[in-house]
Every structure is written in structure tokens, then in C-alpha cells.
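Each chain is listed here by its residues.
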Amino acid sequence: MYIIFLGAPGSGKGTQAAKVARELGLVHIASGNMFRQAIERGNDLGFKVKAHMEKGVLVTDELAVQVVLKRVSAPDCHAGVILDGFPRNQNQAEALDEALARQNRAIDCALYIKVSNEELTKRLSGRLVCSNCQMPYHNQSSPPRIHDRCDHCGGELVRRFDDAAETVEKRLMVYFTETVPLIDYYSQRGKLLEVAGEGSVAEVGGRIITTIQRERAKRLK
Ligand code: AMP
């Protein structure tokens, strides 16, 4: 399956995408993680995206489309992927549809994780990420087993540089103006699934898996 996860910064999209991909045997492709890794490595891509990310605005569509489509066409993605953070606007959604259509494929569904604005602000303030593998944590709702260390790779947990208060505000604004219209985009194409994003990581994860499995069963009929 080709599944898109939609949701605001702080909706738990990254945490759930990683968890659900593991449980369903899909490849998790997170554009933000790919860009943060490029910045860490100090490579050409990192150099190109750093200033945009620090300001909380989107990197250019050209770059985002190029990086994500290349990853999606890798052989390990043929069994299915969860796209997390891409597409971010209609231009990217159309580029993705066109690229998949050329390979006789299509997006199966866009899963929208709905969370209230009040909850978003609360979640963003306690967020941590592994500086090595990018696994997300939260100091209250999903803390690591060992303080400041990643459960998976032992890497150091840090606050994301774009989680500073002013940058968060900008990222939320960009989300509401550029990404929210995608909810209508996928709804009009009969591909939108909505899941309540409030509750524990396990509860929300359970709801997402049930919703995806129901959709999968419908398609197999
Ligand atoms: P995220 O980790 O998904 O919250 O993304 C962090 C930042 O990476 C965003 O604020 C953007 O600057 C950049 N970014 C991630 N994905 C995209 C995308 N699909 N298009 C443009 N910029 C993106």
C-alpha cells in the first residue's frame, strides 16, 4: 500500500508513521528526517535546506519532490510505503500522483491524524528527537527508557532546532495555509481516512492500524 500520513506538526504523525510502518512491514519515508540527516552530514542537500528549516518554512517543491520521489522508487519500497511529511502542498501532491501514475500505481489512502490546536502546542513543547536515527520521543507521552538516550540506537536525544517557540508558530501557520488544503484534495478523490489523534501513542496507533486494515480489506474484496 502507498499511504500518506497527514497531520499538523505535533499531531504525532512521525511517531505513528514509524510505529505503524514497523507493524505493517511498510517503509517509512519521512521527508523532514531526510533533510535533518542531510544537515547533520553537512552534505549539499543539507546546505540547501538548512536556512528554510531554521525559519520554519517549506524547502522548495523542486527539492522535496526530487528527494522523496527518488526514495519512493527504490526497490525496497515496492511492497508499500508510509509517506510522512510529504506531500506538503497541492503542487507536491500532483507531482506524486503523476510520478506514481507513470508506474501504473496510485496512492491508496491519506490518513489524517486530527488533533486540537491546544493539544498540538502542548505536545510540541516536550518533543525530543534522536540525533542519530531521528526516532521521535516526548518527555511525557513517550519518554525514552534511559534519560536522553534513544531506545533503538543509543543516540543522544536533542530538541529539534525548529521546535523553538517562534519557529513552531511559523510552522503551524505554514501547515494551515499550505498543507490543510490537502485534506480536501484527498477527500475529493475518495482517499481520505480520518483518525482521532488524542490519547496515548498505543491507543492512537491501534486506531490507525484498524483503519488501515479495514481499508485494505475493502480493496481486496
Ligand atoms: P517535519 O519533520 O516533517 O516537521 O519537517 C521539518 C521541516 O522540513 C519543515 O518545516 C520543512 O522546512 C522541511 N520539509 C519537510 N518535508 C517537506 C516537504 N515535503 N516540502 C517542503 N519542505 C519540507
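Structural data are supplied above this passage.
Residues numbered from 1 in each chain as written. Predicted model: local features only at pLDDT ≥ 70, side-chain atom pairs only at ≥ 80, totals over all residues. Heavy atoms only, no water.

Quick look at the sheet that holds strand β8 (residues 192-196) now. If you trace the five strands from one edge of the open sheet to the other, you get β2-β3-β1-β4-β8, paired in parallel fashion. Because the sheet does not close on itself, it has two edges, and the strands there are β2 (27-30) and β8. In this sheet, neighbouring strand axes are inclined to one another by 25° on average, regardless of whether the strands run parallel or antiparallel. Relative to strand β3 (residues 81-84), strand β1 (residues 2-6) runs parallel, the two being bridged by four bridges. Looking at β3, one finds that Phe 5 is bridged to Asp 84. (Pairing = 2+ DSSP bridges. Helix = DSSP H or I, 4+ residues; strand = E, 2+ residues; numbered from the N terminus. Axes fitted to C-alpha atoms, helices over the stretch in contact; angles between N-to-C directions.)

Under the criterion given, the structure shown has two aromatic pairs. Taking 4.9 Å as the distance between ring centres and 80° as the angle between the ring planes, the aromatic pair formed by Tyr 185 and Tyr 186 counts as edge-to-face. Of the two residues examined, Tyr 185 and Tyr 186, each falls in the buried class. Sitting above the plane of the Tyr 185 ring, Arg 189 keeps its charged end 3.6 Å from the centroid. (Phe/Tyr/Trp six-rings, centres within 6.5 Å; stacked < 30°, edge-to-face > 60°. Buried < 20%, exposed > 50% of the residue type's maximum accessible area, 1.4 Å probe, protein only. Lys NZ or Arg CZ within 6 Å of the ring centre and 35° of its normal.)

Our next topic: helix α2 (residues 31-41). Turning to α2, its buried residues are Ser 31, Asn 33, Phe 35, Arg 36, Ala 38 and Ile 39. Next to the buried residues of α2 lie β2, α3 (44-55), α4 (61-72) and β3. One or two residues past the end of α2 sits Gly 42, with phi positive at roughly 70°. (Contact = heavy atoms within 4.5 Å.)

Near the ligand you find 16 residues, and of these Ser 31, Arg 36, Val 57, Gly 85 and Gln 92 are the closest. Contact between the ligand and Arg 36: an oxygen atom at 2.9 Å from a side-chain N or O atom of the residue. Within the contact set of the ligand, an oxygen atom lies 2.6 Å away from a backbone nitrogen or oxygen of Val 57. In the complex, 95% of the free accessible area of the ligand, which totals 480 Å², lies under the protein chains. In terms of residue count, the dominant contributor to the shell around the ligand is α2 (four residues). Class assignment for the residues of the shell around the ligand results in seven nonpolar, four polar and five charged. (Near = heavy atom within 4 Å. Polar contact = N/O pair within 3.5 Å; in protein donor to acceptor, adjacent residues only side chain to side chain. Areas by Shrake-Rupley, 256 points an atom, 1.4 Å probe, with all protein chains shown as cover. Nonpolar A, V, L, I, M, F, W, Y, C, P; charged D, E, K, R; others polar.)

Glancing now at the sheet that holds strand β7 (residues 157-158). Read from one edge of the open sheet, three strands run β6-β5-β7, paired in antiparallel fashion. In this open sheet, the two strands that pair with only one neighbour each are β6 (136-138) and β7. The pairing of strand β5 (residues 127-130) with β6 spans three bridges and is antiparallel. Residue pairing across strands places Leu 128 opposite Tyr 137, the latter belonging to β6.

The buried count for β1 comes to five of five residues, which makes it a mostly enclosed element. Burial along β1 is two-sided: the residues Tyr 2, Ile 4 and Leu 6 and Ile 3 and Phe 5 are all buried. Both β1 and strand β4 (residues 109-114) contribute to a ladder of four bridges, which runs parallel. Bridge pairing in β4 places Phe 5 opposite Leu 111.

Here we take up the nonpolar core. Membership of the largest hydrophobic core comes to 58 residues, with the highest contact counts inside it found for Phe 5, Leu 83, Tyr 186, Ile 208 and Ile 212. Setting aside anything within four residues of it in sequence, one finds Ile 208 in contact with Phe 5, Gln 16, Val 20, Leu 111, Ile 113 and Val 195. Judged by nonpolar contacts, the second largest core, of six residues, contains Leu 128, Cys 130, Cys 150 and Leu 157. (Core = buried A, V, L, I, M, F, W, Y, C linked by side-chain atoms within 4.5 Å.)

The alternating pattern of β3 places Val 81 and Leu 83 and Ile 82 and Asp 84 on opposite faces, both of which are buried. Here β2 runs beside β3; their pairing, made up of four bridges, is parallel. Looking across to β3, one finds that Val 27 is bridged to Val 81.

Of note, Leu 26 is situated in the loop between α1 (13-24) and β2. When its relative accessible area of 10% is taken as the criterion, Leu 26 is described as buried. For the pair Leu 26 and Gly 154, spaced 128 residues apart in sequence, the C-alpha separation works out to 24 Å. Look past the residues within four positions of Leu 26 in its chain and what remains in contact with it is Met 1, Ile 3, Ala 21, Ala 79, Gly 80, Val 81 and Ile 82.

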